[in-house]
Amino acid sequence: VYLMLCKQRGFVTTMHDEKGRRSVAELVADVPERVYPVGRLDYNSEGLLLMTNDGALANALMHPKKSIDKTYLVWVSGYIAGKEQSLSQPIEIDGRKTSPAAVQLLHKAGTTALFRVTIHEGRNRQIRRLAERAGLTVTRLKRIAEGPLRLGDLAPGQYRPLTDEELEMLQNHS
């Protein structure tokens, strides 16, 4: 089973949370087979999350040697012209430097801005840490693409099966 879920904010990316928070398992509770998330999106982030029961594909996609591009829309406050250069620079997380991020300014209004950010590793809170270092506050973070998959107009909390074409592209990517 291969599903694309649009994770909504306020849900943890796990099948059960020991702290009693809402989990993505609730969003796929009507799926007859047990599926689990491939990768993570933090509690306050939203967007594309792959769910599957194919352990081999999940492991192949999450393997550290894989660098699958993940693209996000990032809304920030505290914007000053030129901050995007700082946002794109590598950062050290858990003793290892990240690859540079590809950053595109999509819109600005006063001290708020919207960026499209593409990263390769997807390490723990990587975009939020990049923004913090740049002096920006993330007000919303939404993953819109992962590898060959595009979220499109899937609504928060909704899911759909991957198409045969998407699955083939994903398998070729792993």
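Our structure is the block above this text.
Residues numbered from 1 in each chain as written. Predicted model: local features only at pLDDT ≥ 70, side-chain atom pairs only at ≥ 80, totals over all residues. Heavy atoms only, no water.

**So, the nonpolar core**
Generally speaking, nonpolar side chains in soluble globular proteins are found buried as a group.
Link 1 in the chain: In terms of nonpolar packing, the biggest core is built from 30 residues, with M51, V74, F115, V117 and L136 touching the most fellow members.
Link 2 in the chain: Secondary-structure elements contributing two or more residues to this core are β1 (2-7), α1 (24-27), β3 (46-52), β4 (70-77), β8 (112-119), α4 (126-133) and β9 (137-146).
Link 3 in the chain: In contact with F115, other than residues within four places in its own chain, are Y72, L73, V74, V76, Y79, E84, L87, V103, Q104, L105, L106 and L136.
Link 4 in the chain: Counting residues in each nonpolar core, the second largest holds 16 residues, with L48, A58, L151 and L167 among its members. (Core = buried A, V, L, I, M, F, W, Y, C linked by side-chain atoms within 4.5 Å. Buried < 20%, exposed > 50% of the residue type's maximum accessible area, 1.4 Å probe, protein only. Helix = DSSP H or I, 4+ residues; strand = E, 2+ residues; numbered from the N terminus. Contact = heavy atoms within 4.5 Å.)

**Focus: the pairing of β3**
For a regular strand, the rule is simple: side chains alternate between the two faces of the sheet.
Link 1 in the chain: Burial analysis of β3 places seven of its seven residues in the buried class, the great majority of the element.
Link 2 in the chain: As paired strands, β1 and β3 are joined by six bridges and run antiparallel to one another. Paired with L3 across the strands is M51, a residue of β3.
Link 3 in the chain: Two elements, strand β2 (residues 36-38) and β3, share three bridges in a ladder whose sense is antiparallel. Paired with P37 across the two strands is M51, which belongs to β3.
Link 4 in the chain: Sheet topology places β3 next to β9; two bridges connect them, and they run parallel. (Pairing = 2+ DSSP bridges.)

**A short note on the side chain of T52**
Link 1 in the chain: Counting through the fold element by element, T52 comes out in strand β3.
Link 2 in the chain: Judged by relative accessible area, which is 0%, T52 ranks as buried.
Link 3 in the chain: Beyond its immediate stretch of four places on either side in the chain, T52 contacts V1, Y2, V35, Y36, V38 and A58.

**Digging into the environment of R123**
Link 1 in the chain: You can see R123 is positioned in the loop between β8 and α4.
Link 2 in the chain: Linking R123 and R40, residues 83 residues apart in sequence, is a C-alpha distance of 9.3 Å.
Link 3 in the chain: Excluding anything up to four places from it in sequence, R123 contacts I93, R96, K97 and T98.

**Some details on the pattern of salt bridges**
Link 1 in the chain: Applying the stated criterion across every chain yields a total of eight salt bridges.
Link 2 in the chain: Among the ionic pairs, R21 bridges to D17, the shortest N-O distance being 2.9 Å.
Link 3 in the chain: Judged by relative accessible area, R21 falls into the partly exposed class, the value being 34%.
Link 4 in the chain: The closest approach of N and O atoms between E46 and R140, which form a salt bridge, is 2.7 Å. Of this pair, E46 sits in strand β3 while R140 sits in strand β9, placing them 94 residues apart in sequence.
Link 5 in the chain: Each member of the salt-bridge network shares a partner with another, and the members are R9, E46 and R140. (Salt bridge = Lys/Arg side-chain N within 4 Å of Asp/Glu carboxyl O.)

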